[in-house]
Amino acid sequence: MDWVSSIDISLSGMNFQKLRLDVLATNIANSHTTRTSSGTAYKALEAVATTDFADLIDGNELLGVDLLSGVTDVSVVEKDALPRLQFDPGHPDANGDGYVAYPNIDPVKSMADLVTATRAYEANVRVLNAGKLMALKALEIGGK
Amino acid sequence: MSVFLESVTSQMLLHALDRSVMQHAVIANNVANVNTENFKPFRLEESQQMNDIAQLLSKGVDSKELANAVDRLPDAYGIYESELATEVILDQEIVELTKNTLNYQALLTAKSKMGNLLSQAISGRIE
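Note that the structure is a prediction, hence the values are computed from the model and not measured.

Here is what the cut-offs are and how they apply
- Residues numbered from 1 in each chain as written.
- Chains lettered and ligands numbered in written order.
- Predicted model: local features only at pLDDT ≥ 70, side-chain atom pairs only at ≥ 80, totals over all residues.
- Heavy atoms only, no water.
- Helix = DSSP H or I, 4+ residues; strand = E, 2+ residues; numbered from the N terminus.
- Buried < 20%, exposed > 50% of the residue type's maximum accessible area, 1.4 Å probe, protein only.
- Contact = heavy atoms within 4.5 Å.
- Core = buried A, V, L, I, M, F, W, Y, C linked by side-chain atoms within 4.5 Å.
- Buried area = accessible area lost by both parts, 1.4 Å probe.
- Salt bridge = Lys/Arg side-chain N within 4 Å of Asp/Glu carboxyl O.
- Polar contact = N/O pair within 3.5 Å; in protein donor to acceptor, adjacent residues only side chain to side chain.
- Patch = residues over 30% accessible without salt bridge, like charges linked within 9 Å, V, L, I, M, F, W, Y side chains within 5 Å.
- Areas by Shrake-Rupley, 256 points an atom, 1.4 Å probe, with all protein chains shown as cover.
- Expected span 1.5 Å × (residues − 1).
- Pairing = 2+ DSSP bridges.

K.L.:
Give me the lowdown on the overall build of chain A, citing residues and values where you can.
P.N.:
Each helix and strand counted, chain A has three helices and five strands in total. Each helix and strand of chain A, placed in order from N terminus to C terminus, yields the pattern α-β-α-β-β-β-β-α. In chain A, which comprises 144 residues, the share counted as buried stands at 28%. For chain A, restricting intrachain contacts to residue pairs at least 6 apart in sequence, the fraction spanning at least 24 positions comes to 63%.

Put into structure tokens, the structure is as follows:
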């Protein structure tokens, strides 16, 4: 187990949290987008990370440390949420009944997700710094 | 194994240092996967061999028995999914990280001091 792989693991975590922030920013920026190229209102996106470790683990069998690779499977998916309907007959995107469909993006939840994503990013940075500190200290062996 | 430059103590030190590096990788992986779906935190398996050596030392042991015990130290340790936790708890992982970093630095200091002892023995001078 060398130091470079540990740093790569932390980097994968940082990248995923940054992706979460980007997705969040896209959602908030589009919170009033009533029509996309697909014709419907904007659908909120979500960054999802999955792990396939469960397939490798077989009962009580132990795995090797060199199998650790951080966050591997990342995808951005559309969340299926019903749009928020608002009565506004004059709006160009109003439907037959005069309702306009707005994306169902909860600003409170978005802010809470922002805080957790930032905190998780900071935690990954903390781990990376600790690894760097340990590696640097090892280089000092034999010096004054 | 070089009789002059290596001893059971330095072997044990190196083994503990290696284990500390593995522990860091496990913690890094847990923190990176804090938001991964269905991910349960991993732990490094306990070192039964190190516990045995600690027990031998506390009881008083001759050097041959200790050397045999040190030879039995494994090359690698396995990781397992913790049964207690269902998700990664960041505070817990950062605490483990802090303990591991301190442990590693203490081991490095011990290794450095051992090196100093050796160079004093070789040069015959006490600095």
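K.L.:
Break down the nonpolar core for me, citing the residues and quoting the values.
P.N.:
Ranked by internal contacts, the top residues of the largest apolar core, which has 30 residues, are V65 and L68 of chain A together with F42, L44 and I79 of chain B. Put simply, the parts of the chain that give this core at least two residues each are α1 (3-29), β1 (45-50) and α3 (107-139) of chain A together with α1 (8-32), β1 (42-44) and α4 (90-123) of chain B. Looking at which element gives the most residues to this core, the answer is α1 of chain B, with seven residues. The next biggest cluster of nonpolar side chains, apart from the first, holds eight residues, and it includes L13, A16, V21 and L107 of chain B.

K.L.:
Break down the interface of chain B and chain A for me, citing the residues and quoting the values.
P.N.:
Taken residue by residue, the interface counts 37 residues in chain B and 39 residues in chain A. The junction of chain B with chain A conceals about 3100 Å² of combined surface from both sides, 71% of it contributed by carbon and sulfur atoms. Considering only the side of chain B, the residues that lose the most area to chain A are H24, N35 and I79 of chain B, jointly responsible for 17% of the buried surface there. Along the contact surface separating chain B from chain A lie one salt bridge. Measuring nitrogen to oxygen at the nearest pair gives 2.8 Å for the salt bridge that ties R119 of chain A to D91 of chain B. Taken together, the connections running from chain B to chain A amount to seven residue pairs in polar contact (both at pLDDT 80 or more).

K.L.:
Tell me about the pattern of salt bridges, and name the residues and values.
P.N.:
Residues and elements named next belong to chain A. This structure, assessed with the given rule, holds five salt bridges over all chains. One salt bridge in this structure joins D93 and R35, with 2.7 Å as the shortest N-O distance. Of the two residues, D93 is situated in the loop between β4 (84-87) and β5 (99-102) and R35 in the loop between α1 and β1; the sequence distance between them amounts to 58 residues.

K.L.:
Kindly report on a nonpolar patch on the surface, identifying the contributing residues and their values.
P.N.:
All names here are of chain A. A surface patch of nonpolar side chains, amounting to about 230 Å² of accessible area, comprises I28, M111 and L114. Residue position: I28 is located in helix α1. Given the relative accessible area of 35%, I28 is considered partly exposed.

K.L.:
I'd love a proper account of α1 of chain B, names of residues and values included.
P.N.:
Taking 1.5 Å per residue, 25 residues should reach 36 Å; α1 of chain B reaches 36 Å between its end C-alpha atoms and fits that length. Where burial is concerned, most of α1 of chain B is hidden: 19 out of the 25 residues are buried.

K.L.:
A description of the sheet that holds β1 of chain B should follow, citing residues and the corresponding values.
P.N.:
What the three strands build is an open sheet, ordered β2(A)-β2(B)-β1(B); its pairing is antiparallel. The open sheet has two free edges, formed respectively by β2 (63-64) of chain A together with β1 of chain B, since each of these has just one partner strand. Of the pairings in the sheet, the one linking β2 of chain A to strand β2 (residues 78-81) of chain B comprises two bridges and is antiparallel in character. Note on β2 of chain B: the bridge partner recorded for G64 of chain A is G78 of chain B.

K.L.:
Account for unusual backbone geometry, naming residues and giving values.
P.N.:
Residue and element names in this part refer to chain B. Positive phi values are uncommon outside glycine, yet N38 reaches one of about 60°. Relative to the helices and strands, N38 is located in the loop between α1 and β1. Residue classification places N38 among the exposed positions, given a relative accessible area of 72%.

K.L.:
Go over the side chain of N33 of chain B with me, naming the residues and quoting the values.
P.N.:
The topology assignment puts N33 of chain B in the loop between α1 and β1. Taking relative accessible area as the criterion, N33 of chain B reaches 3% and is therefore assigned buried. Filtering out sequence-adjacent residues up to four positions away, N33 of chain B remains in contact with G70 and V71 of chain A together with F39 and V88 of chain B.

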